[in-house]
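Here is how the chains run, residue by residue.
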Amino acid sequence: MAEFIKIYPENPNPKAIQKVVDVLKSGGLVIYPTDTVYGLGCDMTNMKALERLAKIKNVKLEKANFSFICEDLSNLSDYIKQIDTSTFKILKRALPGPYTFILPGSKNLPNPFKKRKTVGIRVPDNSIIQALLNALGNPIVSTSIRDDDDVLEYTTDPELIHEKWDNLVDVVIDGGYGDNEASTVIDLSEDEPLIVREGKGSLEIF
């Protein structure tokens, strides 16, 4: 049974944040709010949790297209190869914000992802996930939670999310209604930026 924890974005309660961090560190899966749709994630350093996440998504961990949710750009070099100034300027303009950037992966990626040529990086503009990442001390490996409903691709009500995911995850954070539009995905791993998916993030960052 997943615990349902209310956290207010205006002032995330440090005790509630620490409770969620403890679950992440012990290998738990957490559903949390972002600046777009709700996300499902785990501690990137916990192999057991990564395998659970892959199993839920019905993919092999090595082949899973999970994103790394980061607090800011300061430790980016731990996970991506060196990027040029113009690429970094795009990241600085867009983040934190509703974007996923695909960047060339470094050799320091966690074991299951070491063979990956690229990695998706997200820095959401949301105080709850920012507080979680700050307390955790490293990125969360994440995926968005899609719906089976063809019309409503993403559930926005955290209570309905809790109902649906109750037996699959350990914590659902109620951070208020989520968005129903996913992040804009931009591939910056080649010479020219490539728009993979147009979502909430404006393309006027170029």
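Above this note sits the structure.
Residues numbered from 1 in each chain as written. Predicted model: local features only at pLDDT ≥ 70, side-chain atom pairs only at ≥ 80, totals over all residues. Heavy atoms only, no water.

Chemist: Just checking my understanding: could you explain the packing of aromatic side chains for this structure?
Modeler: Inspection of the entire model under this criterion finds three aromatic pairs. Relative to Tyr-79, the ring of Phe-68 has its centre 5.8 Å away and its plane inclined at 85°; by these criteria the two rings are edge-to-face. Of this pair, Phe-68 sits in strand S4 (residues 67-69) while Tyr-79 sits in the loop between S4 and helix H3 (85-94), and the two are eleven residues apart along the sequence. Side by side, Phe-68 and Tyr-79 carry an identical accessibility label, which is buried. One aromatic cluster in this structure is built from Phe-68, Tyr-79 and Phe-113. (Phe/Tyr/Trp six-rings, centres within 6.5 Å; stacked < 30°, edge-to-face > 60°. Helix = DSSP H or I, 4+ residues; strand = E, 2+ residues; numbered from the N terminus. Buried < 20%, exposed > 50% of the residue type's maximum accessible area, 1.4 Å probe, protein only.)

Chemist: What should I look at first to understand the environment of Asp-191 in this one?
Modeler: For Asp-191, the position within the fold is in the loop between strand S9 (184-187) and strand S10 (194-197). Along the sequence, Asp-191 and Ile-161 sit 30 residues apart, while their C-alpha atoms lie 39 Å from each other.

Chemist: Help me out: how do you make sense of the pairing of strand S3 (residues 39-43) in this one?
Modeler: Remember that side chains alternate between the two faces of the sheet whenever the strand is regular. Counting buried residues along S3, five of its five residues qualify, which places the element largely inside the surrounding structure. Bridge analysis of strand S2 (residues 30-32) against S3 gives three bridges, and the strand direction is antiparallel. In the strand pairing of S3, Val-30 is matched with Gly-41. The antiparallel pairing of S2 with S3 creates a hairpin that spans six residues between the two strands. (Pairing = 2+ DSSP bridges.)

Chemist: When you look at the environment of Lys-115 in this model, what are you seeing that I'm missing?
Modeler: Along the polypeptide, Lys-115 turns up in the loop between strand S5 (99-104) and strand S6 (118-122). Measuring from C-alpha to C-alpha, the distance between Lys-115 and Lys-57 comes to 20 Å, with 58 residues separating the pair along the chain.

Chemist: What exactly am I supposed to notice about a nonpolar patch on the surface here?
Modeler: Together, Ile-195, Leu-203 and Phe-206 line one region of the surface with nonpolar side chains, adding up to about 240 Å² of accessible area. Here Phe-206 shows up in the segment after S10. (Patch = residues over 30% accessible without salt bridge, like charges linked within 9 Å, V, L, I, M, F, W, Y side chains within 5 Å. Areas by Shrake-Rupley, 256 points an atom, 1.4 Å probe, with all protein chains shown as cover. Salt bridge = Lys/Arg side-chain N within 4 Å of Asp/Glu carboxyl O.)

Chemist: I tried to follow the nonpolar core on my own but got confused; where do I start?
Modeler: Residues Ile-31, Phe-68 and Phe-101 are the most contacted members of the largest nonpolar core, which totals 41 residues. Listed by contribution, the elements that provide at least two residues to this core are S3, helix H2 (47-57), H3, S5, S6 and helix H5 (158-165). With four residues, the top contributor of residues to this core is H2. The contacts of Phe-101, once residues within four sequence positions are left out, are Ile-90, Leu-91, Ala-94, Leu-95, Val-119, Gly-120, Ile-121, Ile-186, Leu-188 and Ile-205. By size, the runner-up hydrophobic cluster in this structure holds 19 residues, among which are Ile-7, Ile-17, Ile-69 and Ile-128. (Core = buried A, V, L, I, M, F, W, Y, C linked by side-chain atoms within 4.5 Å. Contact = heavy atoms within 4.5 Å.)

Chemist: Would you explain unusual backbone geometry in this entry?
Modeler: Across the chain, the bulk of peptide bonds are trans and the bulk of non-glycine residues have phi less than zero. In this structure, the amide linkage connecting Leu-95 to the following residue, Pro-96, adopts the cis form with an omega of -5°. Topologically, Pro-96 is positioned in the loop between H3 and S5. For Asn-58, which is not a glycine, the phi torsion comes out positive at approximately 60°. For Asn-58, a relative accessible area of 70% translates into the label exposed.

Chemist: Would you explain the state of the cysteines in this entry?
Modeler: In total, this model carries zero disulfides according to the counting rule given. We note that Cys-42 lacks a disulfide partner, and the nearest cysteine sulfur, in Cys-70, lies 14 Å from it. According to the relative accessible area criterion, Cys-42 is buried, its value standing at 0%. (Disulfide = S-S within 2.5 Å.)

Chemist: Where do I start with the pairing of S10 in this structure?
Modeler: Judged from the three bridges that link them, S9 and S10 form a sheet pairing that is antiparallel. Across the sheet, Asp-187 pairs through a bridge with Leu-194, a residue of S10. Linking two consecutive strands that pair antiparallel, namely S9 and S10, is a turn of six residues.

Chemist: I tried to follow the sheet that holds strand S7 (residues 140-144) on my own but got confused; where do I start?
Modeler: Strands belonging to one sheet form pairs held by backbone hydrogen bonds; the direction of such a pair is parallel or antiparallel. One open sheet accounts for ten strands, arranged S1-S8-S2-S3-S7-S4-S6-S5-S9-S10; its pairing is mixed. The open sheet has two edge strands with one neighbour each: strand S1 (3-6) and S10. Averaged over all neighbouring strand pairs, the angle between strand axes comes to 30°, with direction disregarded. Two strands pair when backbone bridges link them, and S3 and S7 are joined in this way by five bridges, in the antiparallel orientation. Among the inter-strand pairings, Asp-43 is bridged to a residue of S7, identified as Ile-140. Along the sheet, H2 contacts S3 and S7; its crossing angle with S3, the most-contacted strand, is approximately 155°. Set on the sheet, H5 makes contact with S1, S2, S3 and strand S8 (171-174); between it and S8 the angle comes to about 170°. (Axes fitted to C-alpha atoms, helices over the stretch in contact; angles between N-to-C directions.)

Remember, this is a structural readout, not a statement about activity or role.
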